[in-house]
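So you can see what is in the structure, the chains are spelled out below.
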Amino acid sequence: MKVDLVKLRIGDKDREFYVRPQSSDTAVVDQIFVDLPFNISKLLRFPDLEEFLNTARATGKRPLIVDGGANIGATSVYLSAQCQDAFIVAIEPEASNFQLLVENTKGMPVLPLPCALAASPQRVRVIDVGEGFWGFQTRSVADEEVSEDDVSCVTINEIFATHQMDYFPFIVKIDIEGGEKELFRQHTEWIEKTPLIIIELHDWLLPRQGVALPFLRCIGQFDRDFVYIGEHIFSIANKLDILLPPRD
C-alpha cells in the first residue's frame with residue numbers, strides 16, 4: 001500500500017499522519033482538521049459538558065470516547081487532542097483503513113479494534129460500494145455463509161462494560177455508512193449513559209431504505225437536545241448530573 005506522510009499541526013504540536021495519495025484520505029484530513037466538524041467548544045452547551053467533565057474527573061476516572069467508523073484515525077486523533085485525558089476506542093472494519101488507523105494513532109491513548117459497530121454480536125461482510133476508502137459499508141451474513149474475510153462486531157454496551165472500572169462514557173461518535181439502521185434497533189441502553197452522541201445519518205446515501213428511522217424513533221424517547229452542525233447531529237443529554245460516575 002503506497003502512502004504519503006503529512007504533518008498535522010494540532011495545538012502546539014506536530015504529528016505525522018499517513019494517507020493514501022489521490023484518495024478520499026486527503027478529503028478526510030481536510031474535513032477533520034480544517035473544517036473542524038467535531039470542535040465541541042462551539043456548542044452553546046459546551047460549558048455544561050466542561051462542567052460535567054471536571055466533576056466526573058474528580059472521581060478518579062477518565063473520559064471514554066467511542067469512535068464508531070474510525071476510518072484512518074483522523075477523528076480519533078482530533079478528539080484525543082481536544083480531550084487529552086480521554087481513552088478512545090476506535091472501531092474500523094475495513095482492513096486497509098484499519099492498518100492506517102493503527103499507524104496514525106500510535107503512542108496515543110487509542111485502542112483500535114478491527115470490528116464493525118452493531119447492536120449485537122455477529123459477523124458482517126465489508127462491502128466496497130465505490131464511494132472511496134471512506135464509504136465502505138457492512139452487510140450481515142448468515143452463519144452458514146460466513147467467510148474468513150468477514151469481521152466480528154462489537155457493541156457499545158460491551159465497550160462501556162469492559163472499561164467501566166477506569167473510565168466514564170463521554171462521547172460516542174457514529175459514522176458507519178448506513179449501519180445506524182441496525183445499531184439503533186435494539187440494545188440501546190448505552191444511550192442514557194452517554195452525555196454526547198455525534199452521528200451522521202445516511203438517508204442521503206441510501207435513499208428509501210429508512211436507515212435513519214431506527215435512530216429517530218429510538219432517540220426521541222430520551223430527554224436530549226439535538227443540534228445540527230454540517231453533516232452531524234449532536235445529541236446532548238439534558239440531565240448531565242445523573243450521568244456522573246459514583247465516587248469510590
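The structure under discussion appears in the preceding block.
Basis of the calculations
Just so you know, the residues in each chain are numbered from 1, in the order the chain's sequence is written. Only residues with pLDDT of 70 or above have their local features reported here, since the model is predicted, and side-chain atom pairs are shown and tallied only from 80 upward, although totals for entire chains, interfaces and linings are computed over all residues. Side-chain measures here rest on the full set of heavy atoms in the structure, leaving out hydrogens and waters. Two strands make a pair as long as DSSP finds a minimum of two bridges between them. In DSSP terms, a helix is any run of H or I states spanning at least four residues, a strand is any run of E spanning at least two, and both are numbered starting from the N terminus. Lines fitted to C-alpha atoms define the axes, with helix axes restricted to the stretch in contact, and inter-axis angles between N-to-C directions lie between 0 and 180 degrees. Should an angle fall under 35 degrees it is taken as roughly parallel, and over 145 as roughly antiparallel, whereas 65 to 115 is taken as roughly perpendicular and any remaining angle as oblique. In this scheme, a crossing is called left-handed if the near helix is turned counterclockwise away from the far one by less than a right angle; it is called right-handed if the turn is clockwise. We call two residues in contact whenever any of their non-hydrogen atoms come within 4.5 Å of each other. By the convention adopted, Pro, Cys, Tyr, Trp, Phe, Met, Ile, Leu, Val and Ala count as nonpolar, Lys, Arg, Asp and Glu as charged, and the other residues, Gly among them, as polar. Definition used in this section: a nonpolar core is a set of buried Ala, Val, Leu, Ile, Met, Phe, Trp, Tyr and Cys residues joined via side-chain atoms within 4.5 Å. A simple rule labels every residue: compare its accessible area, found with a 1.4 Å probe on the protein chains alone, to the largest value its type can have, and call it buried under 20%, exposed over 50%, or partly exposed in between. The handedness rule is simple: strands pointing away from the viewer, and a clockwise path from the first strand over the helix to the second, make the crossover right-handed. A cavity here means a set of 1 Å grid points, computed over protein atoms only, where a 1.4 Å probe fits but cannot escape. A pocket is an open set with protein on both sides within 12 Å along at least 5 of 7 lines, and lining residues have an atom within 4 Å of a point. Grid points are joined across faces, edges and corners, and a volume is the space filled by probe spheres set on the points. For this analysis, a salt bridge means a side-chain nitrogen from Lys or Arg found within 4 Å of a carboxyl oxygen belonging to Asp or Glu.

Caption draft 1: Representation of the sheet that holds strand E7 (residues 123-127) in the model. If you trace the four strands from one edge of the open sheet to the other, you get E6-E9-E7-E8, paired in mixed fashion. Edge positions in the sheet fall to strand E6 (116-117) and strand E8 (137-140), since each has one partner strand and no second.

Caption draft 2: Main features of the sheet that holds strand E10 (residues 167-174). A sheet is described by the order of its strands in space; here seven strands give the open sequence E5-E4-E3-E10-E11-E13-E12, paired in mixed fashion. Each edge of the sheet is formed by a strand with only one pairing partner; in this case those strands are strand E5 (110-113) and strand E12 (224-229). Going from strand to strand, the sheet's axes swing by 20 degrees on average, the running direction of each strand aside. Bridge analysis of strand E4 (residues 87-91) against E5 gives four bridges, and the strand direction is parallel. By the bridge assignment, Ala 90 is partnered in E5 with Pro 112.

Caption draft 3: Inspection of the packing of helix H1 (residues 24-35) against helix H3 (residues 74-82) at higher detail. Closest axis-to-axis distance for the H1/H3 pair is 9 Å, and the angle between their directions is 20 degrees. For the element pair H1 / H3, the angle class is roughly parallel. Crossing of H1 against H3: the hand is right-handed. In this structure, H1 contributes Val 28, Ile 32 and Phe 33 to the contact, and H3 contributes Ala 74, Thr 75, Val 77 and Tyr 78. Split by residue class, the contact of H1 with H3 holds six nonpolar, one polar and no charged.

Caption draft 4: Representation of the nonpolar core. Phe 17, Phe 33, Ile 40, Ile 65, Phe 170 and Leu 196 are the most contacted members of the largest nonpolar core, which totals 41 residues. Counting residues in each nonpolar core, the second largest holds 27 residues, with Phe 87, Ile 159, Phe 160 and Ile 197 among its members.

Caption draft 5: Focus on the pairing of strand E3 (residues 62-68). Counting buried positions along E3 yields six of seven residues, so the element is predominantly enclosed. Bridging between E3 and E10 involves seven bridges; their strand directions are parallel. Bridge assignment links Leu 64 to a residue of E10, and that residue is Pro 169. Bridge analysis of E3 against E4 gives five bridges, and the strand direction is parallel. Among the inter-strand pairings, Ile 65 is bridged to a residue of E4, identified as Ile 88. Assessed by its sense of winding, the connection that carries the chain from E3 through H3 to E4 is right-handed.

Caption draft 6: Local environment of the layout of surface pockets. Here the largest pocket defines a volume of roughly 890 Å³. What lines the largest pocket is a set of 46 residues, and nearest its centre among them are Phe 136, Asp 175, Ile 176, Glu 177 and Gly 178. Elements represented by at least two residues in the lining of the largest pocket include exactly H1, H3, E6, E8 and helix H6 (180-183). Per-element tally for the lining of the largest pocket: the top contributor is E8, with four residues. In the lining of the largest pocket, the residues fall into 20 nonpolar, 16 polar and 10 charged. Size it by volume and the second largest pocket reaches roughly 410 Å³. For the second largest pocket, the lining is made up of 17 residues, of which Ile 10, Lys 13, Ser 80, Ala 81 and Gln 84 are closest to its centre. For the lining of the second largest pocket, the elements supplying multiple residues, two or more each, are strand E1 (4-10), strand E2 (13-19) and H3. If you tally residues by element for the lining of the second largest pocket, the top one is H3, at five residues.

Caption draft 7: Structural context of the pattern of salt bridges. Counted by the stated rule, this structure contains eight salt bridges. Here Lys 173 and Asp 67 are joined by a salt bridge, their closest N and O atoms 2.7 Å apart. Remark: Asp 67 occurs in strand E3 and Lys 173 occurs in strand E10; sequence separation between them is 106 residues. Overall, Asp 67 belongs to the buried group, its relative accessible area being 0%. With its nearest N and O atoms 2.8 Å apart, the salt bridge here joins Arg 125 to Asp 150. Linking Arg 125 in strand E7 with Asp 150 in the loop between E8 and strand E9 (151-154), this pair joins segments that are 25 residues apart in sequence. Residue classification places Arg 125 among the partly exposed residues on the basis of a relative accessible area of 29%. The class of Asp 150 is buried, set by a relative accessible area of 4%.

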